[in-house]
Amino acid sequence: MSEGRQMLQFNTPDGDERGGVECGARDLIIAGWTGRDKVAMEAHIIELEKLGVRRPEKTPIFYRGASTLLTQNKEVEIVGADASGEVEPVIFSTTQGIFLGLGSDHTDRKVETVGIAISKQLCAKPVSHEIWKLDRIADHWDQLVIRSWISRGGERRKYQEGTLAKMRHPADLLRLYGGESYEPPEGTVMFCGTLAVCGEIESADLFEMELEDPVLGRKIQHHYRVIELPVAG
């Protein structure tokens, strides 16, 4: 593995890349407040304000994170009980092109009230093992559906669900991040934003997530367990 890179291994059903794809992740970008639906985005802003997170001065906004936060493990270790996941579409720039996958921007909600960027840096960012070629879904992005479920104490419930019509297209996010002619260098990973939760933001023992493409009849699914470490002891 090249210095400064986090090597991720993926499966894909698409085109000449069918089978294995590698992404030597070097630059992690976490896009926030990416909603096209102003009502839905306002709902997400309000639910975070309830936790003490300040309203953003502009939208969207792009946070940077360490590529070493990215993981495909089925377990992540988090200090304390104040962190929670949120499902997001994720784009990966590889030597074989740009692909779309699934991830969770797991974030420490207590620290988020102090600083959003540092709160995101404190938690692992789980991503899926399967990805799709972005150009295969670009024209029906709005019809894709993301969902998540949480389980705590043996009880499972729907946590998030909605179509990507509520969120900015990746091409738009890349343009806003890097300019009109920007092409993400190989090794770029961008989390593309999330949806408001069903109910209240809360932590979980198990986080499950899904990206569905009803046009091509396929799904990407991933889950991970959260191991809570004591703050001290």
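In this report, the structure presented in the accompanying data block is examined.

The rules behind these values
Within each chain, residues carry numbers counting from 1 in the order of the written sequence. Only residues with pLDDT of 70 or above have their local features reported here, since the model is predicted, and side-chain atom pairs are shown and tallied only from 80 upward, although totals for entire chains, interfaces and linings are computed over all residues. Hydrogens and water molecules were not included; the side-chain quantities draw on all heavy atoms of the structure. Three exposure classes are used, based on accessible area relative to the maximum for each residue type with a 1.4 Å probe and protein chains only: buried under 20%, partly exposed in between, and exposed over 50%. The helix count covers DSSP runs of H or I at least four residues long, the strand count covers runs of E at least two residues long, and both are numbered beginning at the N terminus. Any two strands are treated as partners once DSSP identifies two or more bridges connecting them. Two residues form a contact once any of their heavy atoms are found within 4.5 Å. Geometry is summarised by axes, namely lines fitted to C-alpha atoms with helices restricted to the contacting stretch, and by angles between N-to-C directions that run from 0 to 180 degrees. What makes a nonpolar core is a set of buried Ala, Val, Leu, Ile, Met, Phe, Trp, Tyr and Cys residues whose side-chain atoms join them at distances within 4.5 Å. Whenever a carboxyl oxygen of Asp or Glu lies within 4 Å of a side-chain nitrogen of Lys or Arg, that contact is scored as a salt bridge.

## Here's the deal with the pairing of strand 9 (residues 97–104)
Consideration 1: The buried fraction of strand 9 amounts to six of the eight residues, a majority that puts the element mostly inside the structure.
Consideration 2: In sequence, strand 8 (residues 87–94) turns back onto strand 9 through a hairpin of two residues.
Consideration 3: Note that strand 9 and strand 12 (residues 132–133) share two bridges and pair antiparallel. Of the residues in strand 12, the one forming a bridge with leucine 100 is tryptophan 132.

## Observations concerning the sheet that holds strand 8
Consideration 1: Strand order in the open sheet made by the six strands is 4-3-15-8-9-12, with mixed pairing throughout. This sheet does not close on itself; its edge strands, each paired only once, are strand 4 (61–65) and strand 12.
Consideration 2: In this sheet, strand 15 (residues 188–191) lies alongside strand 3 (residues 27–32) in parallel orientation, the contact comprising four bridges. Across the sheet, leucine 28 pairs through a bridge with valine 189, a residue of strand 15.
Consideration 3: In this fold helix 5 (residues 170–178) packs onto strand 3, strand 4, strand 8 and strand 15, with an angle of close to 80° to the strand it touches most, strand 4.

## Notes on the nonpolar core
Consideration 1: One finds Leu70, Phe92, Leu100, Ile146, Val189, Phe191 and Leu211 to be the most contacted residues of the largest nonpolar core, which totals 58 residues.
Consideration 2: Sequence-distant contacts of valine 189, that is, excluding residues within four places in its chain, are made with Cys23, Ala25, Asp27, Leu28, Ile29, Leu70, Val90, Ile91 and Phe92.

## What about the pattern of salt bridges?
Oppositely charged side chains can form a pair if their charged atoms are brought close together.
Consideration 1: Tallied over the full model, the rule gives 24 salt bridges.
Consideration 2: With its nearest N and O atoms 2.5 Å apart, the salt bridge here joins lysine 120 to aspartate 105. In this pair, lysine 120 sits in helix 3 (residues 116–121) while aspartate 105 sits in the loop between strand 9 and strand 10 (107–108), placing the two residues 15 residues apart along the sequence. You'll find lysine 120 and aspartate 105 in the same group, each marked buried.
Consideration 3: The shortest N-O distance in the salt bridge between arginine 175 and glutamate 180 comes to 3.6 Å.
Consideration 4: The class of arginine 175 is partly exposed, set by a relative accessible area of 33%.
Consideration 5: Classification of glutamate 180 by relative accessible area gives exposed; the value is 68%.
Consideration 6: When salt bridges that share partners are traced, they join Arg147, Lys158, Glu161, Glu210, Glu212 and Lys219 into one network.

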